[in-house]
Structure formats: C-alpha cells, structure tokens
Amino acid sequence: MRLPEHRDPACPFDPPPELRGLPAMTRLEFADGHPGWLATTMAAARVVLGDPRFSARQELKHVPVRSARPGGPAAPAPPGFFATMDPPAHTRYRRLLTGRFTVRRMRELEPRIERIAADHLDAMAAAGPPADLVSAYALPIPSLVICELLGVPYDDRGFFQERTARIVRGHDTAEAIADLSAYLGELVRRRRAEPAGDLISDLTGDLTDEELANVAMILLVAGHETTANMLALGTFALLEHGSAYEEGAVEELLRWLSVLQLGAPSRVALEDVEVAGTPVRKGETVALTLSVINRDPDEFDDPEALLPGRPEARRHLAFGLGVHQCLGQQLARVELRIGYRALFDRLPGLRLAVPAAEVPLKQGAAVYGVESLPVTWPS
C-alpha cells in the first residue's frame, strides 16, 4: 500500500480510513518505490522505537510519502541535527540539552507562560469576537516561549514561521531549511560575540556555529509547530464534543489526536529483526502511524472515544519512546495545560464561529492540525 496523505474531512480527528483494520505490520511502498513496512500497533511501535537494532539515521531511510523528496535515502544529517542520529553522536547533543528541559525547569516557566496566555486572551477579548484561534492564540504562545528560551527575536516570527510551515508541509523544504540555517547561523555568531543569557548563548562554548545553528533549528521548528497545532486542534475537538477543559485532559488529547502523521517517526533496521511476528530485513525502513497506534484496542479501553482524564492515557506515544523521546515534552505539557485552561476559563461559552465542516484542515502536512479555527463567544 501507499501511505495516505489526507484525512476524511467528515471525521477530522480520526486517522485516515485506509489505515483502519491493518495488521500490526503492513507492507508499505515508499515514494521512491522502495518497499518497507508500516507499524500500526503499540507493541510493534515499542520495538521499532526502543530496540537499538533500529536506526534513526536519515541517510539510511527511504521517503515515506509522495510530497517528500523522492529518490531514495536522504543525505547524512549535518552537524547538530541530532534527531536523525544514533548514539554516540546523538548522545553528545542530547546530554547538552536534557538538563535544560527538565520538569523542574519547565515548572519555573509556568508564571511566564501564564502571563503570555493572559496577554493574548486580553487582546482577543478587547478586539471582540469572532477570532481565529490559530493566529490570535495557539501559534503565538509556543512561538514566543521557544523564542525566549532560545534567544530568537520574536519580531522575526513572520520569517521563521513561514519557513517552518513549509518544512512540515514538504514545500520547498531545502530552500526553507537553507533560509533558517543562514538566519540562525548569523544569530549564533551574534550571541557568541555578545551573550544574552539564553540557550543559544549558553551553548556557544560547547558547539560549533554550524552545530548550534542546526540544534537551534530543530528546537525552533519542533518547539512551536507541534504545540501550536495541538492547542488549536485540541480546542476544536473539545468544542465539537461539548467538553470544557478539565485537569488531566492533556494526555488524552495527545493520545486521541496524535498530530504527527505521514509515517513519522520512522526507523531503519540495522540487522534482521522480528517485529510482531514479522521478519524485517536489514536495511528496510519501518514507518509508524501514531494516529492508529495511539488508538490500539489492546492498549486502551474504548480507544475511539475522547475521555478526558482517562487513567491510561499517558501510555500514548505522541512524544515517541526511547533515546529519541521528545526533548521538549515537559514544555509542551505545560504550554498545553496552561493554554487550554486559560482559554476556557477566560472565554466561557467559547464555540465555533463556522460549521465544523468549514474548518480548514492541514491535509498532507507532517504535523496535522487546522489552518485556522474561527471561534466566537458571548461578548
């Protein structure tokens, strides 16, 4: 099979229907015609993500979807692109960063994130309904937070948001990456000359300019794209299901929505491995479908239902697993918890301003979400 790139607009929160009912391991044809595998169960995903016999190195992989660059395996990861490296190269970068994203450090950021959310809600309330929740709230909050952490000027958000959007959509990706690389390289050089107490400044003594620019690029792209899409899509889901936000809802929304799509993440076998009773040969790529995996009926009771507060929800793989588990997961959790709570507390009676069928979806993007979310509330 070929990996579907679009979801059914009538069921915007569900996986593509073509992915339902598949065996744990299904033969997959990649964009370049190369055969591989698609893992669809939690048990299979845990092997693929947690077994060191599977590699994250991008130069070994084949392209999972038609919108990505065809032509076989990608080029080796440049210095600093630790997300597509294996230990020990990956370990070196990860050790430099892990201590900066601990639960304790993220809790210290809570007052600042609360202030950012409140400021944007004040602006929405002052302007009055209706509003686009994406541009007015969901995108600015994680963008501003990651900019402050890294030391990226928020005034440049138009530049980097447009480039990161192109990257996750697979549109002119090489050009967008080159633009961000040049921009962040110049910023690294400025911070090396004049440190400013941010993460980029702190790492100038440990990494080269190229390494640090690429580390910053990964954190900048991942640090606002995924959380922004979860804030908007999660709000859409809660409104459609008649649910106000309640404590504990974040983990269930992460499980039920699973915004990473198009076979991400993926791994390649370094030797022959058996996954869910299926032999995977050395050199074969296995893509994951998290939207299905996180609704595995062997793992979750009534998995198709959105049940805020579900006790087993934290078993989801929205942040991955193993050595590559999302570095910023605790930051994302704090931003989502504060973002949802502040929104529903400040704007009671929040509802969609258009029929649900008219909400534009991010079809064919590596990170799923909505293009915009028109909302209104009693003024």
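Residues numbered from 1 in each chain as written. Predicted model: local features only at pLDDT ≥ 70, side-chain atom pairs only at ≥ 80, totals over all residues. Heavy atoms only, no water.

1. Some words on the nonpolar core
As a reminder, the rule being used: To qualify as a nonpolar core, a set must consist of buried Ala, Val, Leu, Ile, Met, Phe, Trp, Tyr and Cys residues joined through side-chain atoms within 4.5 Å. Summary of the burial criterion: residues with accessible area below 20% of their type's maximum are buried, those above 50% are exposed, and those between are partly exposed, where the area comes from a 1.4 Å probe applied to protein chains only. Strands are runs of DSSP state E lasting at least two residues, helices are runs of H or I lasting at least four, and both sets are numbered from the N terminus onward. Here, residues are in contact when the closest pair of their heavy atoms is within 4.5 Å.
Core analysis: the largest hydrophobic core is formed by 89 residues, its most contacted members being Tyr137, Val152, Leu184, Phe236, Val370 and Leu373. Of the residues forming this core, the biggest block, 17 residues, is contributed by helix 10 (residues 209-240). Here Val370 is in contact with Val134, Asn229, Ala232, Leu233, Phe236, Val359, Pro360, Leu361 and Lys362, once residues within four sequence places are set aside.

2. Thoughts on helix 6 (residues 140-150)
Taken across its 11 residues, helix 6 has 10 buried, putting it largely inside the fold. Buried residues along helix 6 sit in contact with helix 4 (110-127), helix 5 (133-138), helix 7 (157-169), helix 9 (199-203), helix 10 and helix 13 (329-346). Phi turns positive, to about 95°, at Gly151, one or two residues after helix 6.

3. Description of the pattern of salt bridges
Threshold: By convention in these notes, a salt bridge is any Lys or Arg side-chain nitrogen within 4 Å of a carboxyl oxygen on Asp or Glu.
Under the counting rule described, the total for this entry stands at 33 salt bridges. Glu59 is paired through a salt bridge with Arg57; the nearest N and O atoms lie 2.9 Å apart. Note that Arg341 is salt-bridged to Glu114, the shortest N-O span being 3.5 Å. Taken as a pair, Arg341 in helix 13 and Glu114 in helix 4 lie far apart in primary sequence, 227 residues in all. On the accessibility criterion, Glu114 (34% relative accessible area) is partly exposed. By sharing partners, the salt bridges in this structure join Glu162, Arg163, Arg166, Glu175 and Asp179 into a single network.

4. Notes on the side chain of Glu251
Checked against the element boundaries, Glu251 lands in helix 11 (residues 249-257). Apart from the residues within four sequence positions on either side, Glu251 is in contact with Ala313, Arg314, His316 and Arg333.

5. Points about the side chain of Ser143
Put simply, the rule is: Polar contacts here mean pairs of N or O atoms no more than 3.5 Å apart (in protein, one a potential hydrogen donor and the other a potential acceptor; neighbouring residues in sequence count only if both atoms are side-chain atoms).
Mapped onto the fold, Ser143 is located in helix 6. Polar side-chain contacts of Ser143 include one of 3.0 Å to the side chain of Gln161. Residues in contact with Ser143, not counting those within four places in the same chain, are Tyr154, Gln161 and His224.

6. Here we look at the layout of surface pockets
This is how the line gets drawn: Think of a 1 Å grid over just the protein atoms. A cavity is a set of points where a 1.4 Å probe fits yet cannot get out, a pocket is an open set with protein on both sides within 12 Å along at least five of seven lines, and lining residues have an atom within 4 Å of a point. Grid points are joined across faces, edges and corners, and a volume is the space filled by probe spheres set on the points. Following the grouping adopted for this structure description, the nonpolar residues are Ala, Val, Leu, Ile, Met, Phe, Trp, Tyr, Cys and Pro, the charged ones are Asp, Glu, Lys and Arg, and the polar ones are all others, Gly among them.
Each pocket or cavity is described by its volume, and for the second largest pocket that value is around 290 Å³. In terms of lining, the second largest pocket is formed by 15 residues, of which the most central are Glu251, Arg314, Gln330, Arg333 and Arg337. Contributing elements (two or more residues each) for the lining of the second largest pocket: helix 3 (103-108), helix 11 and helix 13. No other element matches the four residues that helix 13 contributes to the lining of the second largest pocket. Residue composition of the lining of the second largest pocket, grouped by class: five nonpolar, two polar and eight charged.

7. Concerning the pairing of strand 2 (residues 35-39)
The criterion, for reference: DSSP bridges decide pairing: two strands pair if at least two such bridges lie between them.
Of all five residues in strand 2, four are buried, a share of seventy percent or more. Counting the residues that bridge the hairpin from strand 1 (residues 25-29) to strand 2 gives five residues, and of these Gly33 lies at a positive phi of roughly 90°. One ladder, built from three bridges, connects strand 2 with strand 8 (residues 285-288); its direction is parallel. What sits directly across from Leu38, in strand 8, is Ala287.

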